[in-house]
Amino acid sequence: ALQEQQGRKEKQQHHAVALAFPTSGHVNPVIRFCKLLVKLHGFAVTFVDLRPVPEGSQALPHTSMATPSSAGDEQQSVPLFRRVQIPIAGVSDLFNISFQSLFEKTASVGPDLERLIVSLNDQGRPVTCIVASFNATFTVQSVADKLHIPFVALYPCAASRLLFTHYLSRDDPISLQSVIEAHSPTKDREDVFCRGLPGLPTLFNKDVPHFKHVKDETRDLWELIIRIWKACSAKAHAVAINTVQDLEETTCRALADACDVPIYDVGFWMEDLSDDIAISSWKEDKSCIPWLDQQPNASVLYISFGSLTLLSQAEFHAFIDGVISSKQRFLWVLRPDLVKDIDYSVMVMDIMEKSEGKGLVIEWAPQLQVLAHPSVGGFLTHCGWNSTSESIAFGVPMLCWPYFSDQLLNARYIVDEWKVGFELDTKKEEGSGLKSQEIETAIWAFMEGEEGKIVRKNAQKLKEKASCCLLENGPSYMKLKALVDSLK
Ligand code: UDX
C-alpha cells in the first residue's frame, strides 16, 4: 500500500499546461488527450482556453487567468483538470480572419503563457510539460525553450496528412508547385499525382490537400505549415498523433523512420461519453437524443460539416433538395454561419416542413452521443479527421463530401483503404457543382442500397479492430505509456 501511495504521489507530480489552436477540430483532441493523461497517468492538467474576444476588448488581466487555489492546498483538493482562459484579442469571427493572422494571434499569447507557467510554478504546482496542438507550435516553442520544459505537439489530423507534409517539407519527391497545380483546372482529378511514396498509397490529384476555400493564398499557407512542421521536428519532445496502429500502420512506421522527432500514435478519440467536456462556440442541442430514441434502428442519416465549412447558397439548396428527395430520416447540424446571407430560422422551418416529420435540424450536436446512438445509420460528413475517427470509433459508415485540406486525403482512406464509406459523385468534374439529383441517389444508395450494406458491415469490423488498439495494454495504451515514461 505504501508503494502504491508513493507511486500515486510520483504520478501526480506531472503537471501539463495544454493549449490548442482555437477551433473545435484542434481543441477537442487536445482536451481528450489531456483527460487520458489525467485518468491513466495521474497528471494534473491546466488547460488554457484561447477564446477569441472581439476587436477592442481587453484581454483578461493575468491575475484572473489562473484559477488554482492557494499554494498551501493539498494536491487532492485541487481538481486534476482545470481550465483557465487567455483570450485572443482581435478575433471575434473565425470566418472573417485569414488562417495566417489566426496563427499570428495565437502565437502572440506566448508571453501570457509564460507568465501563467511561472505563476503556477510559484504556487507550488511546477509545470512539467506543455501539450500544444500542432498549429500552436509557435506559441509554445520559445516558452518551452526558455523555461526548459518539454513540449509535446499534438497532431489533430491523420498520420497520412503529416507524412504528406513531411515529404513536402523536403521538397522531394513532391514539390510545393506540384501540390498547388494538382487542383488547377487543366488537371484531371483522377490522374495520378504521385506513386511510390513510402507509407502512402498512390495519390491522385483529387487527394491532394488544398486550401481553395480560405482567405489565405495557398502557397503562403503551405509555407507556414512547412515552417511549423520544421519547428516541431526540431524543438518538440515528441509528436502525438490521434490515430491508431490498425488504421495507419505503414504510414506511422514510415513517419517514425523518416523523422527525427519521436512519433507516438496514441489514438485518443474514444473518450467516456458522459464526460466529454469539449469546448465549442455553439451549445450542444441535446434535444436530438430523445428524437433519435424514437427513430428505427440505423435509419437516420446524420449530417454535419464540422466547424469551418462554408456552403454557397447553390450548394446548400442542392443539399436540401437532395436530402429531402432521398426520403430518408435525417439529423442535420446546420450552424447559423454555415451559409452566408440566409434567413436561418426561415430556412430551418422550411427544411423541417419539407421533411414531413422525418428530419430534425439543430445548430450543434453532441456528436459523440449521436454517433453512438443505434438509430444513426450513416454520416454525411466533410471528413474532418475528428469526425472521421469518431465515426470509425462508433462503427458508423460515411458518405464523404470532403471540403478542403486533409479532408480530401481522409476521404480517400475512408473509401479505398478502409472501405467504410463512399464519396458523393458530384465532384467528379471539378467545378461542375453539386447536383441535387446526385445527392439524392447517393444518399439512397448509402442508406438503402447494397453498397450501403457493405460499407456498414465494414464499418462495424473496423470499429472492432480499431478499438482493440485502445484497450489496456493495447498498442495505443502502450504508446501513451511510453510517451509519459519519456517525460520523466
Ligand atoms: C478542422 C479541419 O477542418 C479538419 O480538416 C481537420 O481534420 C481538423 O480540424 P473541423 O472542420 O471542425 O476540423 O472538423 P472535425 O475534425 O470533424 O472536428 C469537428 C469536431 O467538432 C469533432 O470533434 C466533432 O465531434 C465536433 N462537433 C461537430 C460537435 O461536437 N458537434 C457538431 O454538431 C459538429
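Residues numbered from 1 in each chain as written. Predicted model: local features only at pLDDT ≥ 70, side-chain atom pairs only at ≥ 80, totals over all residues.

Per an unreviewed UniProt entry, the protein is named Glycosyltransferase, and its organism is Ceratopteris richardii.

### A few points about the overall build of the protein
Note the following rule: Strands here mean DSSP runs of E at least two residues long; helices mean DSSP runs of H or I at least four residues long; both are numbered from the N terminus. Two residues qualify as a contact pair if the distance between their C-beta atoms, derived from the backbone, is within 7 Å.
Along the protein, the regular secondary structure elements total 18 helices and 17 strands. For the protein, the proportion of contacts with a sequence separation of at least 24, taken over those separated by at least 6, is 73%.

### Quick word on the environment of Lys340
Looking at the secondary structure, you find Lys340 in the loop between strand 13 (329-333) and helix 12 (344-355). Spatially, the C-alpha atom of Lys340 lies 7.7 Å from that of Leu311, the residues being 29 residues apart in sequence.

### Quick notes on the nonpolar core
Here is the rule: Core membership is restricted to buried Ala, Val, Leu, Ile, Met, Phe, Trp, Tyr and Cys residues, and these are joined into a nonpolar core through C-beta atoms within 7 Å. The burial label depends on the number of other C-beta atoms within 10 Å of a residue's C-beta. Counts of 20 or more mean buried, 12 or fewer mean exposed, and intermediate counts mean partly exposed, with C-beta atoms placed from the backbone.
Of all hydrophobic cores here, the largest spans 134 residues; its most connected members are Val131 and Ala240. Broken down by element, this core gets its largest block of residues, 7 residues, from helix 2 (residues 24-41). The contacts of Val131, once residues within four sequence positions are left out, are Ala16, Ala18, Val30, Phe33, Cys34, Val152 and Leu154.

### Re the site of the ligand
To be explicit about the condition: Each residue receives a C-beta atom built from its backbone; the residue is near a molecule or strand if that atom lies within 6 Å of it. The residue classification treats Ala, Val, Leu, Ile, Met, Phe, Trp, Tyr, Cys and Pro as nonpolar and Asp, Glu, Lys and Arg as charged. All others, Gly included, are polar.
For the ligand, the set of nearby residues contains 24 residues, the closest of which are Gly25, Gly306, Gly384, Asn386 and Ser387. Those elements that place two or more of their residues in the shell around the ligand are helix 2 and helix 14 (385-393). By residue class, the composition of the shell around the ligand is 7 nonpolar, 15 polar and 2 charged.

### Things to note about the environment of Phe305
Its place among the elements puts Phe305 in the loop between strand 12 (300-304) and helix 11 (313-325). Phe305 has contacts with Leu338, His382 and Tyr403, leaving out every residue within four places of it along the chain.

### Description of unusual backbone geometry
At the junction of Asp172 and Pro173, the peptide bond is cis and its omega measures out at 0° in the coordinates. Along the chain, Pro173 falls in the loop between helix 6 (159-170) and helix 7 (176-181). Phi is positive for His148, which is not a glycine, with a value near 55°. Tracing the chain through its elements places His148 in the loop between helix 5 (137-147) and strand 7 (151-155).

### Side note on the sheet that holds strand 12
The strands that make up a sheet are held in pairs by hydrogen bonds between backbone atoms, and each pair lies either parallel or antiparallel. Cut-off, in case you're wondering: Pairing between strands is defined by DSSP: at least two bridges between the two strands are required. Here the axes come from fitting lines to C-alpha atoms, over the contacting stretch only for helices, and the angles between their N-to-C directions go from 0 to 180 degrees.
Spatially, the 6 strands line up as an open sheet ordered 14-13-12-15-16-17, and their pairing is parallel. The sheet terminates laterally at strand 14 (359-362) and strand 17 (421-423), the two strands that pair on one side only. With direction set aside, neighbouring strand axes in the sheet form an average angle of 15°. Pairing of strand 12 with strand 13 involves 4 bridges; the strand directions are parallel. Looking at strand 13, one finds that Tyr302 is bridged to Leu331. Against the sheet, helix 15 (residues 407-417) makes contact with strand 16 (398-400) and strand 17, and its axis sits at roughly 125° relative to strand 17, the strand it touches most.

### Observations regarding the pairing of strand 13
Strand residues, when the strand is regular, have side chains that alternate between the two faces of the sheet. Quick reminder of the rule: Crossovers are described as right-handed under a simple rule: with the strands pointing away from the observer, the path leading from the first strand over the helix to the second runs clockwise.
Of all the 5 residues making up strand 13, 5 are buried; the element is thus mostly covered by neighbouring parts of the structure. Side chains of strand 13 alternate between two faces, with Arg329, Leu331 and Val333 and Phe330 and Trp332 buried alike. Note on the crossover from strand 12 through helix 11 to strand 13: the handedness is right-handed. Two elements, strand 13 and strand 14, share 4 bridges in a ladder whose sense is parallel. Residue pairing in the sheet places Trp332 in a bridge with Val361 of strand 14. One crossover worth recording links strand 13 to the parallel strand 14 by way of helix 12, and it is right-handed.

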